[in-house]
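Working through the structure, step by step
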Amino acid sequence: MQIDEIYRNVFHLKLPSQYLLAMTFIRMQEFYESPFRHIRRRYFTLDEYMDTYSERFENFSYTIDNCGFNVPGSLVCAFYNLFFIEKNDLTFRERDLLLSLMKKQIIKLEANEDGEFYFKQNDKKFYLIGTFQKYDLKHEVCHAFYYLYPDYKNSVLELLKKTKKIDILKERVLEIGYCKYQLIDECQAYLSTADKSYAKVKFGMADEWYVISRKFKKLFKDKMKEAREDVRKNVA
């Protein structure tokens with residue numbers, strides 16, 4: 001697996017198919033932000049999650065329902081500390097991802113005073129995203145910026161306070177299966193990256209989408225430009 005640092009501390013894993021991507025991220029993503037209380041931030045087997053998902057959505061359609069993934073670095077480490085260090089239970093795809101993260105020196109293995117091993121972020125906090133198609137990349141990058149840049153997050157939150165029909169969007173986002181604890185993050189990512197046609201299909205919001213999303217799109221566009229310039233400076 002090849003992981004690329006596309007912006008400072010934003011690491012991107014691109015895989016050739018939606019199925020491979022979903023089966024690589026499924027447990028890590030749901031450990032981070034599952035709407036199911038017995039799954040989020042807890043240990044669970046793949047079979048347990050497949051059963052839970054199927055009960056909620058009447059079929060295990062996860063690998064076609066999800067096309068982009070994003071996990072903060074602290075939760076990447078927490079996932080491997082629980083599922084690998086404590087439970088010794090990784091799928092071969094989760095193991096391959098771990099090896100790639102370590103090879104890239106994004107996370108490292110250390111020992112505490114009692115000689116117990118644990119994973120930690122290497123230097124600064126980071127964000128891991130995964131896609132299989134170009135269309136989804138900006139949405140996942142938007143999550144990363146919201147997490148990594150306090151100034152950007154504060155600007156987003158100020159915009160959200162002034163946004164009409166934000167409560168309608170929140171309801172729609174919850175209805176399609178997102179975790180209520182990540183609701184604001186998901187709303188801002190959709191407002192910053194989704195076009196009118198996508199909003200119509202996904203949320204039933206079309207005519208009003210341009211009006212409520214344009215300021216978010218400009219803010220994100222400006223932040224992307226700033227992040228690209230930062231990358232160029234570090235390369236030069």
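Nothing here was measured: the structure is a model prediction, and the numbers come from that model.

1. Examining the pattern of salt bridges
Going through the model one piece at a time under the given rule, you end up with 12 salt bridges. Its salt-bridge partner being R8, residue D230 comes within 2.8 Å of it at the nearest N-O pair. In this pair, D230 sits in helix α11 (residues 209–235) while R8 sits in the loop between β1 (3–7) and β2 (10–14), placing the two residues 222 residues apart along the sequence. Taking relative accessible area as the criterion, R8 reaches 32% and is therefore assigned partly exposed. A salt bridge links K165 to E208, with the nearest nitrogen and oxygen atoms 3.7 Å apart. Note that K165 is positioned in the loop between α7 (150–161) and α8 (166–175) and E208 in the loop between α10 (196–203) and α11, a separation of 43 residues in sequence. We classify K165 as partly exposed; its relative accessible area is 42%. Taken together, the salt bridges that share partners define one network made up of R27, D89 and E94.

2. Structural notes on the nonpolar core
If you look at the biggest cluster of nonpolar residues, it comprises 68 residues, and the most contacted ones within it are Y80, L101, I107, L128, F145, L169 and W209. For Y80, the residues in contact, after removing those within four places along its chain, are M28, I85, L90, E94, L97, L98, L101, I107 and F119.

3. Quick notes on unusual backbone geometry
Residue N9 is not a glycine yet carries a positive backbone phi of 65°. By the secondary structure assignment, N9 is in the loop between β1 and β2. Its identity as a non-glycine residue notwithstanding, Q105 has a phi of 60°, on the positive side. Note on Q105: relative accessible area 57%, which makes it exposed.

4. Re the layout of surface pockets
Considering only enclosed or pocket space, the largest pocket measures out at about 790 Å³ in volume. The set of elements that each furnish at least two residues to the lining of the largest pocket consists of α1 (18–33), α2 (46–57), α3 (62–65), β3 (68–72), α6 (137–148), α9 (183–193) and α10. For the lining of the largest pocket, the element with the most residues is α6, which contributes 4 residues. Grouping the constituent residues of the lining of the largest pocket by class yields 15 nonpolar, 10 polar and 8 charged.

What counts, and at which threshold
- Residues numbered from 1 in each chain as written.
- Predicted model: local features only at pLDDT ≥ 70, side-chain atom pairs only at ≥ 80, totals over all residues.
- Heavy atoms only, no water.
- Salt bridge = Lys/Arg side-chain N within 4 Å of Asp/Glu carboxyl O.
- Helix = DSSP H or I, 4+ residues; strand = E, 2+ residues; numbered from the N terminus.
- Buried < 20%, exposed > 50% of the residue type's maximum accessible area, 1.4 Å probe, protein only.
- Core = buried A, V, L, I, M, F, W, Y, C linked by side-chain atoms within 4.5 Å.
- Contact = heavy atoms within 4.5 Å.
- 1 Å grid on protein atoms, 1.4 Å probe; cavity = no way out; pocket = protein on both sides within 12 Å on 5 of 7 lines; lining within 4 Å.
- Points joined across faces, edges and corners; volume = space filled by probe spheres on them.
- Nonpolar A, V, L, I, M, F, W, Y, C, P; charged D, E, K, R; others polar.

In short, shape yes, function no, at least from these values alone.
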